[in-house]
Amino acid sequence: MKQFTLVIAVLFLLIQSANAQTGLSFNKLDSLLKYAENNSASIKTGEQQSLLAKWQKISAQAGLVNFRMQTNFNLTNNLELPVTFLPAEAFGGTPGTFKEVTMGQQYIGNLNLAPQIDIINPASWAKLKSANVNVELTNVNNLLIKKSLFESVSATYHNIISLQEQIEITEKSLLAADTLLTIMQNKYSEGIVRQQDLNDAQINKLALSDNLEQLNLSLKQQYYSLKILCDIPESTTISIGEQPDYNKPIITGLHVDNQLQYKSSLLNLELAKADLKTNQLMQYPTVSLVYYNAWQQNSNTMFFDNDVNWLNAQYIGLKLSVPFPDINRYTLTKSSRINKTISLQNAEHTKLQNELTNKQLVLDYEKAYSQLNTSKQIYQLKEQNYGLVLNQFNMSILSSDKLIIAFNDMLASRLNYSSALANLLYTKSKIEINNTIK
């Protein structure tokens, strides 16, 4: 019995441990960004791209000398040797006649080594330049991917915080709408309000219920988006525990200096220049140091005949390889020149675009700050209006439709206030991301 109880306890702990591993909780944006950096497929793919670029650079470095070692080993068994006709008089025969002579050896073994190293290869140097630029470009593009990922995660994170607050606000408002409906039903029973006033109260509650359902669905969508961005398994539950803080100090005079996009365009320009240079230098000759060393054994008895010596031949020299002009190389050079011009124009455009984007981020923050202040003031006024209208309704001074309108205006302004705060915090985090990843 004790053993059975122990097994049950162990199974229970394992189940609890498994369940604990299927849940993730984040209370700060930084912890979520760290998780995304460690688990996102886009970040991991970028790391592999960097590794690939480094190996391409190593390959280009090795290509400077382009060492080749052509090695051949042949064993030939001449089953039927060729016959040659020689003048018979050389063998004591009748002049003017020919004698059949079998030439060659039946068993031939041949081993030759032919290493070759390029001494002057202009195109290889251009390829190395291209590989170096490609490493830098890959690193910059990976930073751009990381920055874009962090911005998307931040937007989703703050949307979730805002939606969670809006759901809480709407749930409380739904209780107030239910109370308002009860008041209407009582007044209708007393004959104080009309049927259409009661219908409006019911419609108001239904609309709020639908709005609450839509907010819950939007929240689920944001959590799904977060799982996609961070590559979190679908079965894993996520919770964002941070609460909206309306008392956070507002920072003014922010500045953004992120040149990643411009750096990327400049590196693309350098890559286009290197590609053009490579195609131009491919038409130049290559000078190589060549060496040849060969051994051959001929025998009519067997392969590797110990009674027959191996014959050696070797030489060393310089080899000049001159490529023959062809239309394909010419068109590639022309295309590379056009791509260089396009890259130059893109770089000039990106420089201006980059500067304006940095300024736009600051303007977005100032705009979000202004919207937050305005939405706060509007909410306070709408809340005050609702209180006044509610008192006037209770005193039978105003009709129910005015009360419902004031109630919905107050709720909408409160939800806008929540969205404005989320937008301000998102734009602030976006500025921080751009000033960090650069």
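See the structure shown above.
Residues numbered from 1 in each chain as written. Predicted model: local features only at pLDDT ≥ 70, side-chain atom pairs only at ≥ 80, totals over all residues. Heavy atoms only, no water.

A. Quick look at the environment of Cys230. Checked against the element boundaries, Cys230 lands in helix H5 (residues 195–230). The sequence separation of Cys230 and Gln296 amounts to 66 residues, and the corresponding C-alpha distance is 65 Å. (Helix = DSSP H or I, 4+ residues; strand = E, 2+ residues; numbered from the N terminus.)

B. Seen up close, helix H4 (residues 122–189). With 68 residues, H4 extends 98 Å from end C-alpha to end C-alpha; this agrees with the ideal 100 Å at 1.5 Å per step. Two residues or fewer past H4, Gly191 is found with a positive phi of approximately 80°. (Expected span 1.5 Å × (residues − 1).)

C. Focus on the packing of H4 against helix H8 (residues 400–436). Interaxial distance between H4 and H8 falls to 9 Å at its minimum, and their mutual angle equals 165°. Considering their axes alone, H4 and H8 lie roughly antiparallel with respect to each other. Along this stretch, H4 crosses H8, giving a crossing that reads as right-handed. Within the contact of H4 with H8, the residues separate by chemical class into 16 nonpolar, 11 polar and 5 charged. (Axes fitted to C-alpha atoms, helices over the stretch in contact; angles between N-to-C directions. Parallel < 35°, antiparallel > 145°, perpendicular 65-115°, else oblique. Left-handed = near helix turned anticlockwise from the far one by under 90°. Nonpolar A, V, L, I, M, F, W, Y, C, P; charged D, E, K, R; others polar.)

D. Spatial organisation of the packing of aromatic side chains. For the structure on display, the rule yields 7 aromatic pairs. Ring geometry for Phe26 and Tyr35: centres 5.7 Å apart, planes at 65°, overall edge-to-face. Assigned by exposure class, Phe26 and Tyr35 land together as buried. Both rings, one in Tyr246 and one in Tyr417, keep their centres 4.6 Å apart while their planes meet at 40°; by these two values the pair is tilted. With Tyr246 in the loop between strand E6 (237–240) and helix H6 (260–281) and Tyr417 in helix H8, this pair connects stretches of sequence that are 171 residues apart. Judged by its relative accessible area of 25%, Tyr246 falls in the partly exposed class. Aromatic ring contacts, followed pair by pair, group Tyr246, Tyr379 and Tyr417 into a single cluster. (Phe/Tyr/Trp six-rings, centres within 6.5 Å; stacked < 30°, edge-to-face > 60°. Buried < 20%, exposed > 50% of the residue type's maximum accessible area, 1.4 Å probe, protein only.)

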